[in-house]
Number of protein chains: 2
Amino acid sequence: MAILVVGSVAFDSLETPSGKRERVLGGAATHFALAASFFTDVRVVGVVGEDFLPEHEAVLTAKGVDTKGIERAPGLSFHWTGSYLKDLNAADTLATDLNVFAAFEPKIPAAYLDSEYLFLANIDPVLQLQVRKQMPNVKMVAGDTMNYWIAAHREKLLPVLRELDVLLINDGEARMLTGKSNGKRAAEGVIALGPKAVVVKHGEYGATIYGNGQTFRSPALPLDEVVDPTGAGDSFAGGFYGYIASQPELTPEVLRRAMFYGSVMGSFACERFGTERLQATTRAEIDERFAALKAISHL
Amino acid sequence: MAILVVGSVAFDSLETPSGKRERVLGGAATHFALAASFFTDVRVVGVVGEDFLPEHEAVLTAKGVDTKGIERAPGLSFHWTGSYLKDLNAADTLATDLNVFAAFEPKIPAAYLDSEYLFLANIDPVLQLQVRKQMPNVKMVAGDTMNYWIAAHREKLLPVLRELDVLLINDGEARMLTGKSNGKRAAEGVIALGPKAVVVKHGEYGATIYGNGQTFRSPALPLDEVVDPTGAGDSFAGGFYGYIASQPELTPEVLRRAMFYGSVMGSFACERFGTERLQATTRAEIDERFAALKAISHL
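Summary of the structure given here. In this text the structure is predicted, and so the values were computed from the model without any measurement.

A few words on the interface of chain A and chain B. The interface of chain A with chain B comprises 31 residues on the first partner and 31 residues on the second. Carbon and sulfur atoms make up 51% of the area that chain A and chain B hide from each other, which totals about 2800 Å². The largest share of the area that chain A buries against chain B comes from Tyr 205, Arg 217 and Leu 299 of chain A, three residues that together contribute 31% of it. In this assembly, chain A and chain B are joined by six salt bridges. Our count for the contact surface shared by chain A and chain B stands at 21 residue pairs in polar contact (both at pLDDT 80 or more). For the side of chain A that touches chain B, the secondary-structure elements that each account for two or more residues are helix H6 (171–178), helix H7 (183–192), strand E13 (214–218), helix H9 (252–270) and helix H11 (283–295) of chain A. For the side of chain A that touches chain B, the leading source of residues is H7 of chain A, giving four residues. Classifying every residue of the side of chain A that touches chain B gives 13 nonpolar, six polar and twelve charged.

Next up, the structure:
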């Protein structure tokens, strides 16, 4: 069943220990949509500028992603410049040029209103809430956020949390959101704020889901080289949520397997710059990596 | 089959967010021996001072640990003072009083010479090597070390690494030892230095073993409260190695299960100060926690 994702479609300029790239296609919605496209239909709502060319759109449409909801606006697309030279686990933001994203007001095409799964990627929580209200009948809502909204706009974020079936965040964000340094207590604290479940991502160590009556840890696959971690979290979310949307029912087993698919898609995302690796991924590789993850974690 | 462990038997003065304790029984060999005692016979070689009383020895002998190899010397036992107030994942050493440990020269009782498993806990690598040479016929040798020896005495450590079947260290130590920041590359770098396998501990996220033809990640159990992480790594090693020593053959499956038993014993160690929790642990609790670890990691 179809997922509607609302978030950024952007360009990233990146430097990592593996090299440098200028203005490659990125954005949370882009990484999410590509990862989820292997599992289910994906529809994107976002905004881009005049620098978003047919070749960029083709990256998404080649995977069957529906791009009708990507609005064109005069000016340039959102552009993020970041460096991982100091620490591969923590991006150092060098510049954030919001450009057309500054005035983004998500408009949901009529053809998207029957989407059963909604993913609110990391954008202004006020917009996340607006989108949620426009989609009252979805079967499930998942979402992401970041330290900026937690620290500076908590009061805007809290109503969004109450709307979520699953929040996906990282360790640092869970601690910032709850003030609890213990990982389990932080997760319980997040759930107390509203989400039925929380997926806490631990970077190279994997991720843990708490809630819905179970705790489950998926390992991350040890990689030979992390070329570019940008979008790894969004790709995790895409694999996780895409698999859930592809299944008839959300059983505990589906949730566990979704965690593995999240790890699988996150691992691909890191292996090359931008969306390069996700573009090249095949379904057979996904199955192979799922099996590898099982082999390194099952007795 | 019997494990011989050589290492510190000491007193620790600790402060953590959960409280303070003065001069509680500790030391790497103590934590290791208690954890391993649930699986197999354990013999300890170490040195203590006049402050090591019958009540302290009874903590070990109550679990069937053979303490004949613990030498008594005039003066005080090794005393470590540390704080985890800043960071539960990294001890801040406030004082290291070596006392009788400064002149420690491990002497292996004749009755210990038939031990089939040798564990070289974290002590001066020169002593680790001396012990290894006195036990030429052991079936397996595992060991630990720490940042101090890696940074300041690398040339003394390298010959020890070449003697090891398994080295157990944490992420930071693996990176320091190899100069590689990528976790997988660091593990491969450690193996290139001699050990047939390396267990890299990731604190609250679990541990990964590389080598012997497989990679396997054991999760750590999310704990409600980490009261005192002192000795968690040694307890992991005790569970891991104790289980291996209890099995007739070192198969890949035994190695995977050993990783789980390591996580189980490490999790107990954190739940109270010093050796309190390991003293109170029952075999039924170990089995229960092993099952819990499986439940949070298996599809």
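The discussion continues.
What follows is about the pattern of salt bridges. For the structure shown, the criterion picks out 34 salt bridges over all chains. Through salt bridges with shared partners, a single ionic network connects Glu 271, Arg 277, Glu 285 and Arg 289 of chain A.

Below, the discussion takes up the sheet that holds strand E6 (residues 79–83) of chain A. All names here are of chain A. Across the sheet, four strands lie side by side as E3-E2-E6-E7; this open sheet has mixed pairing. Of all strands in the sheet, those with a lone pairing partner are strand E3 (19–26) and strand E7 (92–97), marking the two edges. Within the sheet, the average angular offset between the axes of one strand and its neighbour, ignoring direction, is 15°. Where strand E2 (residues 10–16) lies against E3, six bridges are found, and the strand directions are antiparallel. The residue bridging Glu 15 from the neighbouring strand is Lys 20, located in E3.

The rules we used
Residues numbered from 1 in each chain as written. Chains lettered and ligands numbered in written order. Predicted model: local features only at pLDDT ≥ 70, side-chain atom pairs only at ≥ 80, totals over all residues. Heavy atoms only, no water. Contact = heavy atoms within 4.5 Å. Buried area = accessible area lost by both parts, 1.4 Å probe. Salt bridge = Lys/Arg side-chain N within 4 Å of Asp/Glu carboxyl O. Polar contact = N/O pair within 3.5 Å; in protein donor to acceptor, adjacent residues only side chain to side chain. Helix = DSSP H or I, 4+ residues; strand = E, 2+ residues; numbered from the N terminus. Nonpolar A, V, L, I, M, F, W, Y, C, P; charged D, E, K, R; others polar. Pairing = 2+ DSSP bridges. Axes fitted to C-alpha atoms, helices over the stretch in contact; angles between N-to-C directions.

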